[in-house]
Amino acid sequence: MKALSQKRRHPLAAVALLLLGLILTGGLYAAATAPTAKADTTTYTAADTEEGSKLFIANCATCHGMGAVGSPSGPSLVGVGAASVDFQVGTGRMPMENQGPQAEQKPAQFNEEQTKQLAAYVASLAPGPAVPAEEYTDGGGNAAEGGELFRVNCAMCHNAAAAGGALTRGKYAPALAGVSNEHIYEAMVTGPQNMPVFNDANITPEGKRDIITFLNTIENNGSPGGADLGALGPVSEGLFAWVAGLGVIIAFTIWLTSRTS
Amino acid sequence: MSTATESTYRPATKVGRVTDFVDQRVGGSPILREFGRKVFPDHWSFMFGEVALYTFVILLLTGTFLTFFFDPSMAETTYAGSYVPLKGVDMSVAYSSSLNISFDIRGGLFMRQVHHWSALLFVASVAVHMLRVFFTGAFRKPRELNWVVGGTLVILSLAAGFTGYSLPDDLLSGNGLRIIDGVVKSIPIVGSYISFFLFGGEFPGSAIIGRLYVLHILLIPAIILLMIAIHLFMVVVHKHTQYPGPGRNDGNVVGYPLGPVYAAKAGGFFFIVFGVVALMAAAFTINPIWNYGPYDPSPVSAGTQPDWYIGWVDGALRLMPGWLFGFPLEWHIPLPWGVNTLSLNVLLPALVPAGIVFTVLFAYPWIERWITKDDREHHVLDRPRNAPTRTAIGMAGFTFYCVMWAAASSDLVATHFHVSLNDVTYWLRALFFIGPVIAYAVTKRIALALQRKDREIALHGRETGRIVRLPHGEFIEVHAQVDDYKRYKLVGFESPEPLPEIVNSDGKVTQAEKLRARLSRVFFEDRVAPATPAELEASHAHGDHEIAESENLKEVAH
């Protein structure tokens, strides 16, 4: 301590202090912005990467280019991470059926093993968001807090009841019922299609877990008030009131007045 | 004389004695005799007013139940009820009590759903009732004022619906109020002041739910009840209209008396309506407020719409562009006291279409009266086809409304039919202008074509589908004459001719009169005259219907 206080007037003391400060802030920043790496619990073998490379060349390279560097028909996949591959391929969105406003969900074309191999290959190109750890996708968080996060961050596109909604020019936010917890988590970290990325600084992994819990809860709760008419709000309610409600009443009025002219 | 009555009449039964006691004191029997013998014509399309009345009664009953448990306070609280996904969430007392009605009060959710479904059906039946009155010409003399009362009831029912929609203070209703706030603020100069006055400060404030509640449960229902009383009183005074038919004219009403058949039917119909609404409420969710969460000015959910009856105004707002041909529709105007914003992109769509619809709606009976110069009383209705221009105007207005109505669901149209939201908006913008024109032309042609068909049938009979080969090889289809009752409907209508300019007392034709004559030509230029007795005679005696005629003769001979 004495040595330190004696050296405080040293010509290089300011430089040393500056260096210390930079290392400290830089280190803290790196620690704060790299929690995606800690979610990486899946390990890929070299064989996985090798197989994934072959699958990629056969099925994806037409659009995404050799080495996944991208082409005019498809973006570069360097750095998108395993989570992105697991979401896009796992939900059947990739390989894309046809060019359109956005990739449509369809039955997955690759099995789990192949999806994992493709993910391994893309993850090997550059670091990126990894497939989430089990602890964040178990649906064991706080549904009420998840609901608040969902309404503030997600409901404007996905609808407050997660029934989906329209975006511009034929794009849309899909309904979230029936989507697996892993895929919901991966969508939040990777921002597929037109979805923005909700990184861990924006919504913490625990927050994402709460959102998943909220979605599981409302899906399992069912509709307390009877058939939910698509949970689409006043439009489907109005349509139902006019067609079914008034329709039945008109049938009754015709019945009541049918005996006379 | 009264003593004589009292002494001579002795009711035999207990009920008779009680009613006699009451009757001697309040004199109900003459009223009952008068009302009980009131004759009403029978037609299914005459029953929508009844549906509106009954759904309103249901609204009063269920609404009273809801007031027992609803607390319109905007004070903050933490939810501690039984709906798990909202446990521990901060919200207003109003929203919390709405959730309690839904989840913690026995029968509360059912009552809420009966109330809401009933509200949707109430406005729908009012709207259909009004369309029926318009398209059959029932607004003509002497019923113009009752039409105005009806129009007022439409506006009141919209107000009742909207104030109710806003009460739960959930995200959906809060978004609706935010739009109202925006519309109010777009009023030039005074908009901000009115908004601050309405909300008790900057939106959302902590006063609006309580204020809307007072309007919703007190003022608006009271005025609606008063208007219903006036409406029904005028129906009794004017007597009910009837569709054209043999033996029906402007001097009589053909139908059944109120008592006993109609009283029983109407009473039963109330329970049918109640039953239908109860079934809907029991099996189908309406306004799942627990999905939307508490109101907070920051989030806006996708699929946020008003209830159907406000949809057309929301749709007009959605259709309005913010920029037009490179010019912004929002202007900042420097005035001596500072810069004021003129937001035409909000002001125009919010006020102009609704202004047009309601102005034309209220004024229409007088517009038509002025053009036709028809000052006679009408108690026999027009079949819509027999007033082609009126029907066409009505359909144009209906289309105008429906385009805006559809625009309120543009996002759902886009997602459910897999089309681009932008394209939906562009098409609806085009239809907003072209739609009414197309509807006018098409409707008028359809009405005229139907009139021609009626005339054809009246003159030559209906097609029987029987093809007969004549001795010289020609094939003809046998036509059978319709019976006299059916024919009456086909020929018993008026088809006025255009009324040319009439000189006034000064011997001049005024500009207004010229305009009137021109409109009269628009109204009546294209006309299909009903078959006259002479034409019918000539046609039926005509030689080229020998077979049909002989068929008829055979039928007569039977």
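Residues numbered from 1 in each chain as written. Chains lettered and ligands numbered in written order. Predicted model: local features only at pLDDT ≥ 70, side-chain atom pairs only at ≥ 80, totals over all residues.

What to know about the overall build of chain B
Using the following cut-off: Numbering of helices and strands runs from the N terminus; a helix is a DSSP stretch of H or I covering at least four residues, while a strand is a stretch of E covering at least two. Each residue gets a C-beta atom placed from its backbone, and two residues are in contact if those atoms lie within 7 Å.
A tally of regular secondary structure across chain B gives 21 helices and ten strands. Projected onto its principal axes, the C-alpha positions of chain B cover 90 × 85 × 65 Å. For chain B, long-range pairs separated by at least 24 residues make up 74% of all intrachain contacts whose partners lie at least 6 apart in sequence.

Here's the deal with the overall build of chain A
If you tally the helices and strands in chain A, you get twelve helices and two strands. When the elements of chain A are put in sequence order from the N terminus, they spell out α-α-α-α-α-α-α-α-α-β-β-α-α-α. A principal-axis box enclosing the C-alpha atoms of chain A has dimensions of 115 × 50 × 35 Å. Expressed as a percentage of contacts within chain A between residues at least 6 apart in sequence, the contacts between residues at least 24 apart total 67%.

Regarding the nonpolar core
Quick note on the threshold: Buried Ala, Val, Leu, Ile, Met, Phe, Trp, Tyr and Cys residues form a nonpolar core when they are connected through C-beta atoms within 7 Å. Remark: C-beta atoms are placed from the backbone, and a residue is labelled buried if 20 or more other C-beta atoms sit within 10 Å of its own, exposed if 12 or fewer do, or partly exposed between those counts.
Among the nonpolar cores identified, the biggest contains 78 residues, and Ala 82, Ala 119, Val 122 and Leu 215 of chain A are the most heavily contacted of them. Tallying contributions element by element places helix 7 (residues 112-125) of chain A first for this core, with six residues. Not counting the four nearest positions on each side in its chain, Leu 215 of chain A is found in contact with Ala 162, Leu 176 and Ile 184 of chain A. Ranked by size, the runner-up nonpolar core spans 75 residues in total, among them Leu 246 of chain A together with Met 130, Tyr 309 and Met 395 of chain B.

Observations regarding the confidence of the model for chain B
Should the pLDDT be low somewhere, the predicted coordinates at that spot are not to be read in detail. Residue and element names in this part refer to chain B. Selection criterion: A score between 0 and 100, pLDDT records how confident the predictor is in each residue.
Scored by pLDDT, chain B comes out at a mean of 90, with 96% of its residues at no less than 70. When the criterion is pLDDT under 50, residues 1-5 qualifies, and its contacts beyond four places in sequence or with other chains add up to zero contacts. Every residue in residues 543-558 is under pLDDT 50, and counting partners more than four places away or in other chains gives twelve contacts. Across the assembled chains, the prediction reports ipTM 0.88 with pTM 0.87.

A closer look at helix 6 (residues 81-90) of chain A
Counting buried positions along helix 6 of chain A yields ten of ten residues, so the element is predominantly enclosed. Check the buried side of helix 6 of chain A and you find it contacts helix 7 and helix 10 (181-190) of chain A.

What about helix 8 (residues 143-153) of chain A?
Counting buried positions along helix 8 of chain A yields eight of eleven residues, so the element is predominantly enclosed. Within the span of helix 8 of chain A, buried status applies to Ala 143, Ala 144, Glu 145, Gly 146, Gly 147, Glu 148, Phe 150 and Arg 151 of chain A.

Observations regarding the interface of chain B and chain A
Put simply, the test is: Three categories are distinguished: nonpolar for Ala, Val, Leu, Ile, Met, Phe, Trp, Tyr, Cys and Pro, charged for Asp, Glu, Lys and Arg, and polar for the others, with Gly belonging to the last.
Counting residues at the interface gives 57 residues for chain B and 53 residues for chain A. Among the secondary structure elements, those contributing two or more residues to the side of chain B that touches chain A are helix 6 (108-135), helix 8 (171-185), helix 11 (258-283), helix 12 (289-292), helix 16 (410-416) and helix 17 (421-460) of chain B. Of the residues assigned to the side of chain B that touches chain A, the class counts are 35 nonpolar, 17 polar and five charged.

Some points on the domain arrangement of chain A
Residues and elements named next belong to chain A. Inclusion rule: Either an automatic procedure or a domain database provided the assignment from which the domain bounds are taken.
Here the domain parsing of chain A yields domain 1 (41-125) and domain 2 (134-228). One C-alpha centre belongs to domain 1, the other to domain 2, and the line joining them spans 23 Å. Facing 13 residues of domain 1, the contacting portion of domain 2 comprises 13 residues. Classifying every residue of the side of domain 1 that touches domain 2 by side-chain character gives five nonpolar, seven polar and one charged.

A look at the packing of helix 12 (residues 234-256) of chain A against helix 11 of chain B
Helix-helix packing is characterised by the crossing angle of the two axes and by the distance between the axes. The criterion, for reference: Only the stretch in contact is used when a helix axis is fitted, and all axes are lines through C-alpha atoms; the angle between N-to-C directions ranges over 0 to 180 degrees. What sets the label is the angle itself: under 35 degrees gives roughly parallel, over 145 gives roughly antiparallel, 65 to 115 gives roughly perpendicular, and the rest give oblique. Each helix crossing is assigned a hand: it is left-handed if the near helix lies turned anticlockwise from the far helix by less than a right angle, otherwise right-handed if that turn is clockwise.
With their axes 10 Å apart at the nearest point, helix 12 of chain A and helix 11 of chain B run at an angle of 155° to one another. With respect to helix 11 of chain B, the element helix 12 of chain A is oriented roughly antiparallel. Between helix 12 of chain A and helix 11 of chain B the crossing geometry is right-handed. Here Gly 245, Val 248, Ile 249, Phe 252 and Leu 256 of chain A of helix 12 of chain A come into contact with helix 11 of chain B, specifically with Lys 265, Phe 269, Ile 272, Val 273, Val 276 and Met 280 of chain B. Considered class by class, the residues forming the contact of helix 12 of chain A with helix 11 of chain B number nine nonpolar, one polar and one charged.

Topic: the pairing of strand 10 (residues 475-480) of chain B
Residues and elements named next belong to chain B. We count it as follows: Pairing between strands is defined by DSSP: at least two bridges between the two strands are required.
Alignment of strand 9 (residues 462-469) against strand 10, held across five bridges, turns out to be antiparallel. Note that in strand 10 the partner of Val 468 across the bridge is Ile 476. Linking two consecutive strands that pair antiparallel, namely strand 9 and strand 10, is a turn of five residues; a positive phi of about 100° is found at Gly 473 within it.

A short note on the environment of Phe 162 of chain B
All names here are of chain B. By the secondary structure assignment, Phe 162 is in helix 7 (residues 144-166). Overall, Phe 162 belongs to the buried group, with 22 C-beta atoms counted inside 10 Å. Taking the C-alpha atoms as reference points, Phe 162 and His 216, 54 residues apart in sequence, are found 8.7 Å from one another.

Describing the confidence of the model for chain A
Residues and elements named next belong to chain A. Overall, the prediction assigns chain A a mean pLDDT of 87, with 94% of residues at 70 or greater. Within chain A, no element has a lower average pLDDT than helix 3 (residues 35-38), which sits at 46, and none a higher one than helix 12, at 94. pLDDT under 50 marks residues 35-40. Its contacts with residues more than four places away, or in other chains, come to eleven contacts.

Comments concerning the pairing of strand 8 (residues 338-343) of chain B
Alignment of strand 7 (residues 330-335) of chain B against strand 8 of chain B, held across six bridges, turns out to be antiparallel. Along strand 8 of chain B, the bridge assignment pairs His 332 of chain B with Thr 341 of chain B.

With respect to unusual backbone geometry
Residues and elements named next belong to chain B. Cis geometry marks the peptide bond from Lys 141 to Pro 142; its omega dihedral reads 5°. Checked against the element boundaries, Pro 142 lands in the loop between helix 6 and helix 7. A cis amide bond links Phe 203 to the next residue, Pro 204, at an omega of -5°. By the secondary structure assignment, Pro 204 is in the loop between helix 9 (191-199) and helix 10 (208-238). For Lys 239, which is not glycine, the phi dihedral falls at a positive 70°. Given 16 C-beta atoms within a 10 Å radius, Lys 239 is considered partly exposed. One non-glycine residue with positive phi stands out, namely Asn 287, at about 45°. Topologically, Asn 287 is positioned in the loop between helix 11 and helix 12.

A closer look at the environment of Arg 369 of chain B
Residue and element names in this part refer to chain B. Take Arg 369: it is sitting in helix 14 (residues 344-372). According to the C-beta neighbour criterion, Arg 369 is partly exposed, with 15 such atoms within 10 Å. Through-space distance from the C-alpha of Arg 369 to that of Ile 208 is 43 Å; in sequence the pair is 161 residues apart.

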